[in-house]
Amino acid sequence: MKTLLFVAFAALAASAHADSNENAVKKVAYVEVAQTIERDAHGNTALMAAAAYGETDIVRTMIARGADVNARGRIGNTALIYAVQEGNTEIAEMLVAAGANPDACNDYGNTARTLAEGYGQREIVKVFDTTPVKSSPNLLAAIF
């Protein structure tokens, strides 16, 4: 079922991005279902899939509903890493503003920051350097 959800999401993302009411209803319905499913068969979250497919509205809605912006998938990738891999500055900015860590390493030692620098994505690197990051009480407690 979890994999089916992500296949359905891929089909939705690949469909024409018409701003029709029907398409908007489908996206809202997807977000409702995605909130009930923690991870797909590969350990990725719906937020990661939305970031990978460039679904800005879905990413925005999922962040507003409390999706974990620092969740790691099977190989340690985060939604922010997927946004960087797709070169999506707007999604990267939303994720960082919501507290996504651009310096979180995946299992291969890559971070969203190093990937953005390596891909020459200056606008995304600028986002990492200029967007205030929300602090996490849990992170601060872990440090001290």
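Everything here concerns the structure above.
All values reported here derive from a predicted model rather than from experimental measurement.

The rules behind the values
Residues numbered from 1 in each chain as written. Predicted model: local features only at pLDDT ≥ 70, side-chain atom pairs only at ≥ 80, totals over all residues. Heavy atoms only, no water. Core = buried A, V, L, I, M, F, W, Y, C linked by side-chain atoms within 4.5 Å. Buried < 20%, exposed > 50% of the residue type's maximum accessible area, 1.4 Å probe, protein only. Helix = DSSP H or I, 4+ residues; strand = E, 2+ residues; numbered from the N terminus. Axes fitted to C-alpha atoms, helices over the stretch in contact; angles between N-to-C directions. Parallel < 35°, antiparallel > 145°, perpendicular 65-115°, else oblique. Left-handed = near helix turned anticlockwise from the far one by under 90°. Contact = heavy atoms within 4.5 Å. Nonpolar A, V, L, I, M, F, W, Y, C, P; charged D, E, K, R; others polar. Salt bridge = Lys/Arg side-chain N within 4 Å of Asp/Glu carboxyl O.

Engineer: What am I meant to see in the nonpolar core here?
Structural biologist: Side chains of nonpolar character tend, in soluble globular proteins, to be buried together. Leu47, Ala51, Val59, Leu80, Leu95 and Phe128 are the most contacted members of the largest nonpolar core, which has 30 residues in total. If one sorts the elements of this core by residue count, helix α5 (residues 79-85) sits on top with six residues.

Engineer: I tried to follow the packing of helix α6 (residues 89-97) against helix α8 (residues 122-130) on my own but got confused; where do I start?
Structural biologist: When two helices pack together, their arrangement is given by the angle between the helix axes and the distance between those axes. One can describe the packing of α6 onto α8 by two numbers: an axis separation of 9 Å at closest approach and a directional angle of 10 degrees. Considering their axes alone, α6 and α8 lie roughly parallel with respect to each other. Crossing hand, α6 versus α8: right-handed. Contacts between α6 and α8 pair Thr89, Ala92, Glu93 and Val96 from the former with Glu123, Ile124, Val127 and Phe128 from the latter. The residue inventory of the contact of α6 with α8, partitioned by class, reads five nonpolar, one polar and two charged.

Engineer: Honestly, the pattern of salt bridges in this entry has me stumped. Any pointers?
Structural biologist: Two side chains carrying opposite charge are able to pair once their charged atoms lie near each other. For the structure shown, the criterion picks out six salt bridges. Note that arginine 60 and aspartate 57 form a salt bridge whose closest N and O atoms lie 3.0 Å from each other. Of this pair, arginine 60 and aspartate 57 both sit in helix α4 (residues 56-64), three residues apart, roughly one helical turn. The exposure class assigned to arginine 60 is partly exposed, which follows from its relative accessible area of 40%. Aspartate 57 sits in the partly exposed class, given a relative accessible area of 44%. Its salt-bridge partner being glutamate 123, residue lysine 126 comes within 3.7 Å of it at the nearest N-O pair. One end of the pair is lysine 126 and the other is glutamate 123, both in helix α8 and three residues apart, which spans about a single turn. Residue classification places lysine 126 among the partly exposed residues on the basis of a relative accessible area of 46%. Taking relative accessible area as the criterion, glutamate 123 reaches 46% and is therefore assigned partly exposed.

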